[in-house]
Amino acid sequence: MRVVIALGGNALLRRGEPMTAEAQRGNVRSAAPMLASVAREHQLVLTHGNGPQVGLLALQGAAYSETETFPLDVLGAQTEGMIGYVVEQELGNLLPAEVPLATILTMIEVDPADPAFDNPTKFVGPVYDKEKADAMAAEKGWVFKADGPHWRRVVPSPEPRRIFEIRPIRWLLDKDVVVICAGGGGVPTMYPPGERKLVGVEAVIDKDLAGELLAREVGAELFVMATDVDGVYQDWGTDRQRRIARATTEELGGTAFAAGSMGPKVAAAVRFAERTGNRAAIGSLAEIEAIVNGEAGTQVVTAR
């Protein structure tokens, strides 16, 4: 099968871990054998989140007061190269030498009228307590929202509309290259109203919705969203919570999930399954082989 796997930013850099290159590489190195097993049996396309990484780069830039912090589109491009480099290297160390890998800088178009710009929901960066979050909001003008017991910065997360590099991505897949692309949801770009000049956008496209668009555009037979939990839960956070092992798009479409975390994953899974008739899945990176085989995570299918 042609399989697109979206790696969550928190799967690459786990909650509570120091935000260091060593910690991220260690997590990628732990994941690489599982991804390599998938690549040996299927044609693999990888995309990934970048919330913790782009948030850290923003903080590092803000610490240098001589100039303005780089905008989020530029930081997104940086993380595509940074994460792609580590994934490509660690995965390449396990695959046969003749298996080519490539990381593609990927720009994705968004709509300047997208309502997401009026309601930021995408978490980026590390977690804070309420006092620290309030202080940073006052100092930097950032917006913070609760993420479980902690607080994190949120930014607009508009819908992806078009992948500009889709043709070279397809060319590479035709040559059996393991492609890493659309990292962090792609670099957000737009054409301002009345203009045909492409510009960057201060936003982070949701990587699951971008991954879904990517999966459809490359003709994937399976779209997997790998994260740090083992599936989609009904009644999450209550004593009635239970993992949903398998569900139809109709069943999931009528259930509400958290907008900043599981909601986009469920929406992406439902959209992919409905538009292609193929399977989507959500689950833990540690169980990626079983998820691909339909034996773990939450499997999302159409009723027909």
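Please refer to the structure higher up on the page.
Residues numbered from 1 in each chain as written. Predicted model: local features only at pLDDT ≥ 70, side-chain atom pairs only at ≥ 80, totals over all residues. Heavy atoms only, no water.

Undergrad: Got a minute to help me understand the overall build of the chain in this structure?
TA: Counting secondary structure elements, the chain contains 10 helices and 17 strands. In terms of C-alpha radius of gyration, the chain reaches 18 Å, essentially the compact-globule figure of 19 Å for 304 residues. Seen along its three principal axes, the alpha-carbon backbone of the chain occupies a region of about 50 × 50 × 45 Å. A total of 304 residues make up the chain; the buried ones form 53% of that total. Put simply, 75% of the contacts in the chain that link residues at least 6 apart link residues at least 24 apart. In the structure as shown, the chain presents an accessible area of about 13,800 Å², 51% of it carried by carbon and sulfur atoms. Put simply, the chain has 31 plus and 40 minus side-chain charges, and the middle of one group is 2 Å from the middle of the other. (Helix = DSSP H or I, 4+ residues; strand = E, 2+ residues; numbered from the N terminus. Rg over C-alpha atoms; globule rule 2.2 N^0.38 Å. Buried < 20%, exposed > 50% of the residue type's maximum accessible area, 1.4 Å probe, protein only. Contact = heavy atoms within 4.5 Å. Areas by Shrake-Rupley, 256 points an atom, 1.4 Å probe, with all protein chains shown as cover. Lys, Arg positive; Asp, Glu negative; His and termini not counted. Charge placed at Lys NZ, Arg CZ, Asp CG, Glu CD.)

Undergrad: Looking at this structure, how should I read the packing of helix α7 (residues 207-217) against helix α9 (residues 262-276)?
TA: Geometrically, a packed helix pair is captured by the angle between its two axes and the distance between the axes. Following both chains from N to C, one finds α7 and α9 inclined at 15°, their axes separated by 8 Å at the closest point. Between α7 and α9, the angle is such that the two are roughly parallel. At the point where α7 passes α9, the crossing takes the right-handed sense. When α7 is examined against α9, the residues Lys 207, Asp 208, Leu 209, Glu 212, Ala 215 and Arg 216 are found in contact with a partner set consisting of Pro 264, Lys 265, Ala 267, Ala 268, Arg 271, Phe 272, Arg 275 and Thr 276. (Axes fitted to C-alpha atoms, helices over the stretch in contact; angles between N-to-C directions. Parallel < 35°, antiparallel > 145°, perpendicular 65-115°, else oblique. Left-handed = near helix turned anticlockwise from the far one by under 90°.)

Undergrad: How should I be thinking about unusual backbone geometry in this particular structure?
TA: Glycine aside, negative phi is the norm for most residues, and most peptide bonds take the trans geometry. Positive phi, normally seen in glycine, also occurs at Asp 176, with a value near 60°. Its location among the elements puts Asp 176 in the loop between α6 (166-174) and β9 (178-181). At Ala 182, a position not held by glycine, the phi torsion is positive, near 55°. Here Ala 182 shows up in the loop between β9 and β10 (187-190).

Undergrad: For this particular structure, what's the right way to read the pattern of salt bridges?
TA: Side-chain pairing between opposite charges can occur once the charged atoms of the two side chains come close. Across all of its chains, the model carries 11 salt bridges by this definition. As a salt-bridge pair, Glu 90 and Arg 25 come within 2.6 Å of each other at their nearest N and O atoms. Separated by 65 residues along the polypeptide, Glu 90 in helix α4 (residues 72-92) and Arg 25 in helix α2 (residues 21-41) bring together distant segments of the chain. (Salt bridge = Lys/Arg side-chain N within 4 Å of Asp/Glu carboxyl O.)

Undergrad: Can you walk me through the side chain of Arg 2 in this structure?
TA: Within the secondary structure, Arg 2 is located in strand β1 (residues 2-7). One buried charge, Arg 2, has no salt-bridge partner; the nearest side chain with opposite charge is Asp 174, at 4.5 Å. A distance of 2.7 Å separates the side chain of Arg 2 from the side chain of Gln 43, its partner in a polar contact. Within the structure, Arg 2 has its side chain in polar contact with the backbone oxygen of Val 218 (distance 2.6 Å). Those residues within four positions of Arg 2 in sequence are excluded, and the remaining contacts are Gln 43, Leu 173, Asp 174, Val 218, Gly 219, Ala 220, Glu 221 and Leu 222. (Polar contact = N/O pair within 3.5 Å; in protein donor to acceptor, adjacent residues only side chain to side chain.)

Undergrad: Mind showing me how you'd approach the pairing of strand β12 (residues 222-227) here?
TA: Residues in a regular strand point their side chains to alternate faces of the sheet. Of all 6 residues in β12, 6 are buried; the element is thus mostly enclosed. When β1 meets β12, the two strands line up parallel, connected through 5 bridges. Residue pairing in the sheet places Val 4 in a bridge with Phe 223 of β12. (Pairing = 2+ DSSP bridges.)

Undergrad: Honestly, the sheet that holds strand β5 (residues 122-128) in this entry has me stumped. Any pointers?
TA: Strand pairing within a sheet occurs via backbone hydrogen bonds; the two strands may be parallel or antiparallel. Read from one edge to the other, the open sheet built from 3 strands follows the order β5-β7-β6, with strand pairing classed as antiparallel. Taken across any chain shown, the strands that pair with only one partner, and hence form the sheet edges, are β5 and β6 (143-147). Across this sheet, the average inter-strand angle for adjacent strands is 40°, counted without regard to direction. The pairing of β5 with strand β7 (residues 150-155) spans 4 bridges and is classified as antiparallel. What sits directly across from Phe 123, in β7, is Val 154. On top of the sheet, helix α3 (residues 51-63) reaches β5 and β7; it is set at about 65° to β5, its chief contact. Helix α5 (residues 130-140) contacts β5, β6 and β7 of the sheet and is inclined by roughly 120° relative to β5.

Undergrad: Explanation requested: the sheet that holds β9 in the structure shown.
TA: With respect to topology, 8 strands assemble into an open sheet ordered β3-β9-β2-β1-β12-β16-β17-β15, the strand pairing being mixed. Two strands in the sheet have a free side with no partner beyond their single neighbour: β3 (101-104) and β15 (246-248). Between one strand axis and the next, the sheet turns through 20° on average, direction left out of account. Taken together, the 6 bridges between β12 and strand β16 (residues 279-284) define a ladder with parallel strand orientation. Of the residues in β16, the one forming a bridge with Val 224 is Ala 281. Where α2 meets the sheet, it contacts β1 and β2 (43-48), and its direction lies at approximately 145° from that of β2. The strands touched by α6 within the sheet are β1, β2, β3 and β9, with β9 carrying the most contacts at an inclination of about 160°.

These values are about where atoms sit, not about what they do.
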